[in-house]
Amino acid sequence: MTYIAKPKFHHPGLEKNALGFIHRDYEGKISTLCAGCGHDSITASIIEACFELSIEPHRVAKISGIGCSSKTPDYFLGNSHGFNSVHGRMPSVLTGANLANRDLIYLGVSGDGDSASIGFGQFAHSIRRGVNMAYIVENNGVYGLTKGQFSATADRGSKSKKGVVNTDNAIDLVAIALQLGATYVARSFSGDKSQLVPLIAGAIQHRGAAFIDVISPCIAFNNHAGSTKSFDYVREHNDAVNRLDVITGRDPITVDYAPGTVQIVEQHDGTKLALRKIDADYDPHDRLGAMTFLQKHAAKGQIVTGLLYVDPDAEDLHTHLNTVEAPLNRLDADALCPGSAALEKINASLR
Amino acid sequence: MPDKKPLSSVNDFVVRFANVNGSGSASANELFARAVLRHGVPVSPRNIFPSNIQGLPTWYEVRVTEEGHLGARGGVDMMVAMNPQTWDKDVAGIEPGGYLFYDSTKPMPSSKFRDDITVIGVPLTAIANSTYTDPRQRQLFKNIIYLGALCALFDMDPKLIEQLIGEQYKGKEKLLSSNVHALHLGRDWALQNLKCPIGLRIKKADKVGDRIFIEGNSAAALGAVYGGATVCAWYPITPSSSVAEAFTSHCQKLRHDPETGKAKYAIVQGEDELASIGIVIGASWNGARAFTATSGPGISLMTEFIGLSYFAEIPAVIMNIQRAGPSTGMPTRTQQCDIIACAYASHGDTKHVLLFPEDPAEAFEFAAAAFDLAERLQTVIFLMLDLDIGMNHRLSRPLKWDDSRQYDRGKIMTAEMLDEGRDFGRYLDVDGDGIPYRTYPGTHPTKGSFFTRGTSRDRYARYSEEGSVYADNMQRLVRKFETAQDLVPRPLQANAAKPTKYGVIYFGSTAPAMDEAIGLLEARGHQLDRMRIRAFPFHSSVASFIADHDFVYVVEQNRDGQLRQLIVNENGIDPVRLVPILHYDGTPITARFIANAIGDHQDHLKVTPLRKAVS
């Protein structure tokens, strides 16, 4: 987390959106994540999506848990209220915030450690309740802030930076979201901006539980034994008076490929991802079909990306609870307090 | 004739019903309590039930008390023994000269009775079986039949009971007439076959006045409605579930927009306690009044979030209906055992505001006030009820509301204030009271936004691990807690009839028993000044009260003297000056227990040391 603000100076000729905002209006503080982190690419996509949608930045509430991904809300929408809550419990805080004021846009940012482990229950229940939100998981399969432990989305057989082999099965958050009744389900890759930006924009506009799983490579993967850039190597070859942890920056990974094709992406640690972008004629209104499609390609070792499912007639939690249109946080004593006369009647009924 | 003279009393005795959980006896037993009330005679009932659904023993005790004592008395004058499983214990618990009422359908050996009590047998099963064919009806109406027999034995007016049945089954004529019929089956049998009335009698009086009969949980839920709570998130746990259920019920009646029919509230049954408090914190952060209700195990689960609420300064109201711990403890038994857990909930240096209502009326008032306090102080407020208040019907003064009262929304910086150029720093102590201003999300396009976090930050909400910045923030939180002293309900103090060197401190559900115990102690020649603590942080008068006495008894319902610990810790009092009087077997504390414990201690003080007497 940083408090380094970006300079406010900008070129007067920068492009403006329909509300007259420039990109800079959607930016936050300077990121302190590792250079090359996929999460920064997602931040850039969120900024782009909000710019393109001409959202009033202050009308967004951005809520996260704890972890690398959960730091990112500080790096976009600097004029929005943010909330860095506790590990894995973003969904409940967001649910409460949404109940209090249905007029704002709720952007939930989480990580795979956050949502697939400690917060798995909250992830599931916020989805099944249909909370109106864009829930983005920045998924790198590892605990970055505690330096490299497997998360629950790490593939079975994958190796940690210490060479430990993961023997547990991975949780596929997209498959779970589909099963739980999410009404907008997508997966993307942090470096595929052309795909990710419209997916985020769609999730923000969707009224209901929108979930996007974004595969986001972690630069810390690239820090295993044998590397000349590893912590140990640097320490052994370093005569400095301080003992420092150093992560060497890399360029962000970007991809651009056509719908219906498979793209092999090499990550910083040399592992390869097979991304399959869904076909242009794929029907995203068929939940069962989406689940089958996902599983079929998972069996081939492919990670399906794109908008997998959307229900255009989705309802949200407020609809289920039949709440008034006015935000609950605006109701005053006149609207809420039944008054002494009603209390007298209650007293009478209790005698 | 029993070898002890049968007890004789009008409007002052204890009846205990021993039943089997799930037998449908609860409504009949409550009907009895209500029927006594309709005679104008105060009652103090207590439900003693197991933590299961069916099959285990359950008791319902009604203290008939024209004097209006609302605490448990201890001892049983009449046992309605309907559970063979607990027969021996039930019979043993009857006061000498008391009465045993039982189902005499099957003969019992004389060894199962006592010589010093009056035994009253009514063939309840036989009467029910000869009237009804359906097994469930036989069981349910057996309860009403014994109610009818008691009506005759206690000389009660059957019309008043019929009236109550009529109110209960309004619009359900078939149920109404069949219940009335069962009532008279029992009453007629008793009148024809027994000597009625017995020594214990209910006589019409005018001692109830305008008081209401309500459970503390329901009153607290109503307080939340009147206090403006719009978001309730909860997870079922005994003995707190009925708070959320009552809030739901009250809201359904009182909180719908008349034009659209839409709800001016949101209630979510969370997936667990963590989610429930998370929803409350999210809603409060966004400007809604929100609360959860739980019990000790739920508090344990919520503590991480409670720490966030404290440090990030987000209002939250938690109603803790305490039960016997630790761990699962005795889920359906009462204690005051979460004092320390709530006062210092979560890791690091934390302190939380606790409110201790004594009865349903205060549960209502304090619940409503909790939302004002939470927003004024921007912190978590615990409403500390317990099972004894929460799940038992109590006679209570009527609930009152001042229509001119406006909600205290605390220090909110609006868009207009920001436009006026007011300096907004989320954690700035502008007024020196430790309470900063906050803004709601969405307030202003360019001003007033901030990042809420549980990590350390400076006065402008900017992340900082600077030691002096952290310490500055922690000191301000202490200032805020000091400010709370004058905002929370003050202790109530009453002096003894004669000057005394001794005092007693108590709180919450101990109050009715304490009121009665003072009289018993006076009768033994002991005078005590008393103070009822109603909130933490403690008002300065608590320390003064202790300083003014040689020593002070602290009466509480837990093993470790948790309130005493808190007083010692927070006020730097010499522990020797606070004498613990502790009751923690899961039953409500009684006047007899308090009077005996304090009285014995006081008696020892009066013994002159032998050496001194000789010299």
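Residue numbering note: each chain is counted from 1, following its sequence as written. Chains carry letters from A onward and ligands carry numbers from 1 onward, assigned in written order. Selection of residues for local features in this predicted model requires a pLDDT of at least 70, selection of side-chain atom pairs for listing and counting requires 80 or more, and totals for whole chains, interfaces and linings are taken over all residues. Side-chain measures were taken over the full set of non-hydrogen atoms in the model, leaving aside hydrogen atoms and water.

Some remarks on the interface of chain B and chain A
Okay, step 1: The criterion used for residue contact is that any of the two residues' heavy atoms lie within 4.5 Å. Each side of the interface is counted separately: chain B has 67 residues, and chain A has 58 residues.
Okay, step 2: Summing the contributions of chain B and of chain A, the shared interface buries around 5,200 Å²; its carbon and sulfur component is 62%.
Okay, step 3: Interface area lost by chain B to chain A is led by B:Glu271, B:Trp285 and B:Phe451, which between them contribute 12%.
Okay, step 4: Salt bridge criterion: a side-chain nitrogen from Lys or Arg within 4 Å of a carboxyl oxygen from Asp or Glu. The tally of links between chain B and chain A comes to 3 salt bridges.
Okay, step 5: Here a polar contact is recorded for every N or O atom pair within 3.5 Å, except that within protein the pair must consist of a potential hydrogen donor and a potential acceptor, and residues adjacent in sequence are included only if both atoms are side-chain atoms. Joining chain B to chain A, the criterion identifies 26 residue pairs in polar contact (both at pLDDT 80 or more).
Okay, step 6: Runs of H or I in DSSP of at least four residues are treated as helices and runs of E of at least two as strands, each being numbered from the N terminus. Put simply, the parts of the chain that give the side of chain B that touches chain A at least two residues each are β9 (212-215), α7 (216-226), β11 (266-269), α9 (273-285), α10 (296-312) and β17 (451-453) of chain B.
Okay, step 7: When its residues are assigned to classes, the side of chain B that touches chain A shows 34 nonpolar, 19 polar and 14 charged.
Okay, step 8: Alignment of strand β2 (residues 81-84) of chain A against β17(B), held across 3 bridges, turns out to be parallel. Paired with A:Phe83 across the bridge in β17(B) is B:Thr452. Values labelled buried area give the accessible surface lost by two parts on being combined, using a 1.4 Å probe and summing over both. Just so you know the grouping, Ala, Val, Leu, Ile, Met, Phe, Trp, Tyr, Cys and Pro go in nonpolar, Asp, Glu, Lys and Arg go in charged, and all remaining residues, Gly too, go in polar. In this description, strands pair whenever DSSP reports at least two bridges between them.

Some thoughts on the confidence of the model for chain A
Regions with low pLDDT should not have their predicted coordinates read in detail.
Okay, step 1: For chain A, the mean per-residue pLDDT works out to 86, and 87% of the residues sit at or above 70.
Okay, step 2: Here residues 222-248 of chain A is a poorly scored stretch, pLDDT under 50, and it has 29 contacts once near neighbours within four places are set aside; other chains count. Every residue gets a pLDDT, meaning the predictor's confidence in that residue, from 0 to 100.

A few points about the pairing of strand β8 (residues 209-215) of chain A
Every regular strand shows the same layout, with side chains that alternate between the two sheet faces.
Residues and elements named next belong to chain A.
Okay, step 1: Each residue gets one of three labels from its accessible area relative to the maximum for its type: buried under 20%, exposed over 50%, partly exposed in between, using a 1.4 Å probe on protein chains only. Taking burial as the measure, the 7 residues of β8 include 7 buried ones, the bulk of the element.
Okay, step 2: Side-chain alternation along β8 places Ala209, Phe211, Asp213 and Ile215 on one buried face and Ala210, Ile212 and Val214 on a second face that is also buried.
Okay, step 3: Two elements, strand β4 (residues 133-139) and β8, share 7 bridges in a ladder whose sense is parallel. Residue alanine 134 lies in a different strand from β8, and its bridge partner there is alanine 210.
Okay, step 4: The pairing of strand β7 (residues 184-189) with β8 spans 6 bridges and is parallel. Within β8, the residue paired with tyrosine 184 across the bridge is alanine 210.
Okay, step 5: Read from β7 through helix α7 (residues 193-205) to β8, the crossover connection turns out right-handed. Assignment of crossover handedness uses the view with strands pointing away from the viewer, where a clockwise path from the first strand over the helix to the second indicates a right-handed crossover.

Thoughts on the sheet that holds strand β4 (residues 57-65) of chain B
Residue and element names in this part refer to chain B.
Okay, step 1: Spatially, 6 strands are ordered β3-β4-β2-β5-β6-β7 in an open sheet, and the strand pairing comes out mixed. A strand with exactly one partner marks an edge of an open sheet, and here the two such strands are β3 (43-48) and β7 (118-122). Going from strand to strand, the sheet's axes swing by 15° on average, the running direction of each strand aside.
Okay, step 2: Both β3 and β4 contribute to a ladder of 6 bridges, which runs antiparallel. Structural elements are reduced to axes, namely lines fitted to C-alpha atoms, with helices fitted over the stretch in contact, and the angle between N-to-C directions of any two is expressed from 0 to 180 degrees.

Description of the packing of aromatic side chains
Residue and element names in this part refer to chain A.
Okay, step 1: Note on aromatic contacts: the rings of Phe and Tyr and the six-membered ring of Trp form a pair at centre separations within 6.5 Å, being stacked when their planes are under 30 degrees apart, edge-to-face when over 60 apart, and tilted otherwise. The final tally for this structure, using the stated rule, is 28 aromatic pairs over all chains.
Okay, step 2: Plain terms: the ring middles of tyrosine 26 and phenylalanine 51 are 6.1 Å apart, the flat faces sit at 90° to each other, and that makes the pair edge-to-face. Here phenylalanine 51 lies in helix α1 (residues 38-53) and tyrosine 26 lies in the segment before α1, a separation of 25 residues in the sequence. Side by side, tyrosine 26 and phenylalanine 51 carry an identical accessibility label, which is buried.

So, the pattern of salt bridges
Residue and element names in this part refer to chain B.
Okay, step 1: Scanning the model with the defined rule gives 47 salt bridges over all chains in all.
Okay, step 2: One salt bridge in this structure joins arginine 457 and glutamate 313, with 3.9 Å as the shortest N-O distance. Taken as a pair, arginine 457 in the loop between β17 and α15 (467-485) and glutamate 313 in the loop between α10 and β13 (316-322) lie far apart in primary sequence, 144 residues in all.
Okay, step 3: On the basis of relative accessible area, arginine 457 is assigned to the buried category, the value being 0%.
Okay, step 4: Accessibility expressed as a relative area gives 1% for glutamate 313, which makes it buried.
Okay, step 5: One network of salt bridges, with partners in common, ties together Arg289, Asp372, Glu375, Arg405, Arg409 and Arg438.

Observations concerning the nonpolar core
Residues and elements named next belong to chain B.
Okay, step 1: Core analysis: the largest hydrophobic core is formed by 153 residues, its most contacted members being Tyr226, Phe247, Phe291, Met319, Leu355, Phe382 and Ile505.
Okay, step 2: For phenylalanine 247, the contacting residues outside a window of four places in its chain are Ala221, Ala224, Val225, Ala229, Cys232, Ile267 and Phe291.
Okay, step 3: Within the second largest apolar cluster, 54 residues are counted, among which are Ala35, Val122, Leu176 and Phe213. In this description, a nonpolar core means a group of buried Ala, Val, Leu, Ile, Met, Phe, Trp, Tyr and Cys residues linked to one another through side-chain atoms lying within 4.5 Å.

A word on the sheet that holds strand β18 (residues 492-494) of chain B
Residues and elements named next belong to chain B.
Okay, step 1: The 5 strands lie next to each other as β18-β20-β19-β22-β23, forming an open sheet whose pairing is mixed. The open sheet has two free edges, formed respectively by β18 and β23 (578-582), since each of these has just one partner strand. Recorded for the sheet is a direction-independent mean angle of 20° between the axes of neighbouring strands.
Okay, step 2: In this structure, strand β19 (residues 502-507) lies alongside strand β20 (residues 529-533), joined through 5 bridges in parallel fashion. The residue of β20 that forms the bridge with phenylalanine 507 is isoleucine 533.
Okay, step 3: Strands β18, β19, β20, β22 (551-556) and β23 of the sheet are contacted by helix α17 (residues 540-547), whose axis makes an angle of about 155° with β20.

Focus on the side chain of A:His206
Residues and elements named next belong to chain A.
Okay, step 1: Relative to the assigned elements, histidine 206 resides in the loop between α7 and β8.
Okay, step 2: A relative accessible area of 9% means that histidine 206 is categorised as buried.
Okay, step 3: Not counting residues up to four positions away in its chain, the partners in contact with histidine 206 are Asn132, Thr183, Tyr184, Val310, Asp311 and Ala314.

Comments concerning the environment of B:Thr58
Residue and element names in this part refer to chain B.
Okay, step 1: Looking at where threonine 58 falls in the secondary structure, it is placed in strand β4.
Okay, step 2: For threonine 58 and isoleucine 48, which are 10 residues apart along the polypeptide, the C-alpha to C-alpha distance reads 5.8 Å.
Okay, step 3: Not counting residues within four places of it along the chain, the set of residues in contact with threonine 58 comprises Phe17, Ala18, Asn19, Val20, Asn21, Asn47, Ile48, Phe49 and Pro50.
Okay, step 4: A polar contact is formed between the side chain of threonine 58 and the backbone oxygen of isoleucine 48, at a distance of 3.1 Å.

Some points on helix α5 (residues 158-168) of chain B
Residue and element names in this part refer to chain B.
Okay, step 1: Buried residues of α5: Pro158, Leu160, Ile161, Leu164 and Ile165, and no others. Seen from one end, α5 has its buried residues packed into an arc of 160°, which puts them on one side.
Okay, step 2: Lining the buried residues of α5 we find α1 (25-38), α4 (135-153) and α6 (173-193). Arc definition: it is the arc formed by the directions from the helix axis to the C-beta atoms.

Examining α7(B)
Residues and elements named next belong to chain B.
Okay, step 1: Taken across its 11 residues, α7 has 11 buried, putting it largely inside the fold.
Okay, step 2: Listing the buried residues of α7 in full gives Gly216, Asn217, Ser218, Ala219, Ala220, Ala221, Leu222, Gly223, Ala224, Val225 and Tyr226.
Okay, step 3: Residue glycine 228 follows α7 closely and has a positive phi angle near 90°.

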